[in-house]
Amino acid sequence: MSKIMVTIQDLHKRFGENEILKGIDLSISQGEKVAIIGPSGSGKSTFLRCINYLEQPTSGTVMIEDKKFAEPNQKANEKHVASLRQEVGMVFQSFNLYPHKTALENVMAALITIRKIPKGQAIKIAETFLQKVGLANRKDHYPSQLSGGQQQRVAIARALAMEPKVMLFDEATSALDPQLVGEVLQVIRELANEGMTMVLVTHEMKFAREVADRIIFMDGGVIVEEGEPDTFFTNPKHPRTKEFLQQVGN
Amino acid sequence: MNHLDFKTAFEQLTPSLLEALGLVVTLALLSFVLALTIGMLVALGRLSKVRSLQVVLIAFLEIVRGTPLLVQLLYVYYVLPEIISYIVGIWVPGYHMNISAFTASIIGLGVNYGCYLSEVFRSSIQAIDKGQLEAAKALGYTSRKAMWHIVIPQSIRIALPPLGNYFNAMLKDTSLCAFITLGEIILKTQAYASQTFLTIESYTIAALIYLIVSIPLGQAIRIMERRLRRHV
């Protein structure tokens, strides 16, 4: 039985009157790859953003290994949240690279500012991770000089350089031109094969089925159905899951 | 009208005006540093979530922007020392505060421009995509660190051209300090013109001195603007 990396208990998130997440429980083991799918507005992105407290849950707990972001119903301590976030890497739909820094500087910034690693060493680490995503030869390029796929690979390298225990992917390929999706998926696939614990919110059903160990279908702020990919896609149980899979043409 | 005598005016007036220009540039630089500091602090205060601080800052901005710079300079030079002397005099009998025209000019220009610069800083910070802050937070930055290390450096790039233009404007607004006895370009010109009656020549030379500084400065700002646009 492998170690539990992420534990989510009775998670609720409300924006004003609008309850986006209506009680979610989930635990993710070390090395597990979980894909979250569902219609837009189902709360899947909000859920993912609660896992590293970019959205502060209205109630419920989120734990990375045995460390809670905050005690239930208590206000989170910003410094504690920031330090726990270092264990959780996140990749955004819109890349969010720093436009005024080169690829290398993007990757090394947090190493220097947050991890307090000396500059020379940070450069080496950053180069290693750019190499890993196949962009060693683009290290001095600015984001504006890179394609969308390359930018997203730099963003992945930036997250990985912090050596997180869990990686979150928030529709990492949705903003990309179709011909650039493949190179990003390839990097994620390699990461999965290396045993990284990952949670992916995605619209790429084929990829979810190929990479994930578990598929979670969310709708209306709750987990409607979850299961191992082959059974999930070939034999969905819940009517809403069936309807959704039909709509996306699976 | 007498015939124009630019030669005499140029020979007699220019050396003292160039000296005054040195004073003006020093004054503008010091005032601008004060304005930058006030501007950034006010901007951060207005972007903070502390409601009472925002109310105080907005009131301050309205007062400063609602009154002419000249009035503010007169106020700092003539009124403020009186008020401070009166208040301190309650505890220290016979106290009288003195303020030099130069110090009053720095305070007046610095506070006035600080208010306008705060809007430049505020809008340039708000212009940075929220994703930048989120990306930094996701990597373990606290909000404060993300602000100083990631957001503000980017916003400065946006702010630099308008900051340059404000500096250029301030350089010319130093002429108002003549009203509070600062021996800058206009005060010297006025004195010379009234002694010699070379009115046209004197004020033309004064105007040219401002132009000689502000036109290249404006060009430099345009070049900087183009270079900064490359990686935004």
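This is a predicted model, so every value here is computed, not measured.

1. Regarding the UniProt feature "transmembrane region" (unreviewed entry) in chain B
Residue and element names in this part refer to chain B.
Here is step 1 of the chain: What UniProt calls "transmembrane region" (unreviewed entry) maps, in this numbering, to residues 20–43, 98–116, 176–193 and 205–224.
Here is step 2 of the chain: As annotated, residues 176–193 has a helix share of 50% and a strand share of 0%, and its two end C-alpha atoms lie 18 Å apart.
Here is step 3 of the chain: For residues 205–224, the end-to-end C-alpha separation is 29 Å, with 100% helix and 0% strand making up the annotated structure.

2. Details of the packing of helix α4 (residues 119–132) of chain A against helix α5 (residues 148–160) of chain A
When two helices pack together, their arrangement is given by the angle between their axes and by how far apart the axes lie.
Residue and element names in this part refer to chain A.
Here is step 1 of the chain: At a minimum axis distance of 9 Å, the contact between α4 and α5 shows a crossing angle of 135 degrees. Comparing their axes, α5 and α4 come out oblique. Regarding α4 and α5, the two cross each other, and that crossing is right-handed. The residues of α5 that touch α4, namely those facing Phe-129, Leu-130 and Lys-132, are Val-154, Ala-157 and Leu-160.
Here is step 2 of the chain: Among the residues forming the contact of α4 with α5, the class breakdown is five nonpolar, no polar and one charged.

3. What to know about the packing of helix α2 (residues 51–65) of chain B against helix α4 (residues 101–126) of chain B
Residues and elements named next belong to chain B.
Here is step 1 of the chain: Where α2 contacts α4, the axes come no closer than 10 Å and their chain directions differ by 120 degrees. When the axis of α2 is compared with that of α4, the two are oblique. For the element pair α2 and α4, the recorded crossing hand is left-handed. Across the interface between the two elements, Phe-60, Leu-61, Val-64 and Arg-65 from α2 touch Val-111, Asn-112, Cys-115, Tyr-116, Ser-118 and Glu-119 from α4.

4. Focus: the sheet that holds strand β7 (residues 166–170) of chain A
Residues and elements named next belong to chain A.
Here is step 1 of the chain: Spatially, six strands are ordered β6-β7-β8-β3-β9-β10 in an open sheet, and the strand pairing comes out mixed. Pairing within the sheet leaves two strands with one partner each, and these edge strands are β6 (88–91) and β10 (222–227). The sheet shows a mean angle of 20 degrees between the axes of neighbouring strands, taken without regard to direction.
Here is step 2 of the chain: The sheet strands contacting helix α1 (residues 44–51) are β3 (33–37), β6, β7, β8 (197–201) and β9 (214–219), and the helix crosses β7 at an angle near 150 degrees.
Here is step 3 of the chain: Set on the sheet, helix α9 (residues 239–247) makes contact with β3, β9 and β10; between it and β9 the angle comes to about 100 degrees.

5. Some thoughts on the side chain of Glu-171 of chain A
Residue and element names in this part refer to chain A.
Here is step 1 of the chain: Along the chain, Glu-171 falls in the loop between β7 and α6 (178–193).
Here is step 2 of the chain: Despite its burial, Glu-171 pairs with no opposite charge, the nearest such side chain being Lys-44 at 4.0 Å.
Here is step 3 of the chain: Once you skip the residues sitting within four places of it in the chain, Glu-171 turns out to touch Lys-44, Ser-45, Gln-93, Val-201 and His-203.

Analysis parameters
Residues numbered from 1 in each chain as written. Chains lettered and ligands numbered in written order. Predicted model: local features only at pLDDT ≥ 70, side-chain atom pairs only at ≥ 80, totals over all residues. Heavy atoms only, no water. UniProt positions renumbered as here; feature names shortened; annotations may be inferred. Helix = DSSP H or I, 4+ residues; strand = E, 2+ residues; numbered from the N terminus. Axes fitted to C-alpha atoms, helices over the stretch in contact; angles between N-to-C directions. Parallel < 35°, antiparallel > 145°, perpendicular 65-115°, else oblique. Left-handed = near helix turned anticlockwise from the far one by under 90°. Contact = heavy atoms within 4.5 Å. Nonpolar A, V, L, I, M, F, W, Y, C, P; charged D, E, K, R; others polar. Pairing = 2+ DSSP bridges. Buried < 20%, exposed > 50% of the residue type's maximum accessible area, 1.4 Å probe, protein only. Lys, Arg positive; Asp, Glu negative; His and termini not counted. Salt bridge = Lys/Arg side-chain N within 4 Å of Asp/Glu carboxyl O.

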